[in-house]
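# Residue-level structural notes
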Amino acid sequence: MSRVLSTEQAKTAITQMQAIINGGFTDQISQLDSQGKTLSDPNVWDGPLAEKFRGATWPETRAALDKAKTELEELRTQLNQISQNIMTAGGGA
């Protein structure tokens, strides 16, 4: 038989994860994206550094942010199940 364990620390950690994600972390990623788009507009910012930002820095950063946001949204959908599993494992259900 495999071990099943659910501590108060696990319950606290899942609650804190929910609070961080639901508290606007994905919204902050969206805000970063908005500002990145603004800086990518040559009518707003131009020059050699701006071209580097538009051509390499921002596309790479945006891809990483998009991936992080997608993964956080997937985690958000799983958190209730994770929480339920922790409660069940700990006998709290």
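In case you missed it, the structure is sitting above this.
Now for a look at the structure at hand. (Residues numbered from 1 in each chain as written. Predicted model: local features only at pLDDT ≥ 70, side-chain atom pairs only at ≥ 80, totals over all residues. Heavy atoms only, no water.)

## Some remarks on the packing of aromatic side chains
Stated formally: The criterion for an aromatic pair is that two Phe, Tyr or Trp rings (for Trp, the six-membered ring) have centres within 6.5 Å, with stacked assigned to planes under 30 degrees apart, edge-to-face to planes over 60 apart and tilted to the rest.
One pass over the structure, following the stated rule, counts two aromatic pairs. Aromatic ring contacts, followed pair by pair, group W45, F53 and W58 into a single cluster.

## Describing helix α1 (residues 8–39)
Note on helix geometry: an α-helix contains 3.6 residues per turn, so any two residues three or four positions apart are oriented the same way. As a reminder of what qualifies: The helix count covers DSSP runs of H or I at least four residues long, the strand count covers runs of E at least two residues long, and both are numbered beginning at the N terminus. How far a helix is expected to stretch is found by multiplying one less than its residue total by 1.5 Å. Bend is the name given here to the angle between axes fitted to two runs of seven residues, the run ending at a residue and the run starting at it. The classification of residues rests on relative accessible area computed with a 1.4 Å probe and restricted to protein chains. Under 20% of the type maximum is buried, over 50% is exposed, and intermediate values are partly exposed.
Compared with the 46 Å implied by 1.5 Å per residue over 32 residues, the 45 Å span of α1 between its first and last C-alpha is a close match. Considering bend angle alone, the principal kink of α1 is centred on N22 and spans about 45°. Those residues of α1 that fall on the buried side of the exposure criterion are K11, I14, Q18, I21, G24, T26, I29, D33 and G36.

## What about the side chain of T26?
Going by this rule: Pairs of N or O atoms are called polar contacts if they sit within 3.5 Å, as long as, within protein, a hydrogen donor faces a hydrogen acceptor (for residues adjacent in sequence, only side-chain-to-side-chain pairs). Contacts are assigned to residue pairs with any non-hydrogen atoms lying within 4.5 Å of each other.
Here T26 shows up in helix α1. Here the side chain of T26 touches R76 through a polar contact of 3.0 Å, side chain to side chain. Discounting chain neighbours no more than four positions away, the residues touching T26 are I21, K69, L72, E73 and R76.

## Examining the pattern of salt bridges
Applicable threshold: When a carboxyl oxygen of Asp or Glu is within 4 Å of a side-chain nitrogen of Lys or Arg, the pair counts as a salt bridge.
Using the criterion set out here, one finds five salt bridges in the structure. The residue K11 makes a salt bridge to E8 at a minimum N-O spacing of 3.4 Å. Note that K11 and E8 are positioned in helix α1 at a spacing of three residues, about one turn of the helix. Here E8 falls in the exposed class, since its relative accessible area comes to 56%. For K37, the salt bridge is made with D33, and the minimal N-O distance between the two is 3.3 Å.

## Examining the nonpolar core
Stated precisely, the cut-off is as follows: Throughout this description, the term nonpolar core refers to a set of buried Ala, Val, Leu, Ile, Met, Phe, Trp, Tyr and Cys residues connected via side-chain atoms within 4.5 Å.
Of all hydrophobic cores here, the largest spans nine residues; its members are I14, I21, I29, F53, W58, L65, L72, L79 and I86. Put simply, the parts of the chain that give this core at least two residues each are α1 and α2 (48–89). In terms of residue count, the dominant contributor to this core is α2 (six residues). Residues contacting L65, with those up to four places away along its chain left out, are I29, L32 and W58.

## With respect to the environment of T12
On the secondary structure map, T12 appears in helix α1. For T12, a relative accessible area of 39% translates into the label partly exposed. Measuring from C-alpha to C-alpha, the distance between T12 and F53 comes to 40 Å, with 41 residues separating the pair along the chain.

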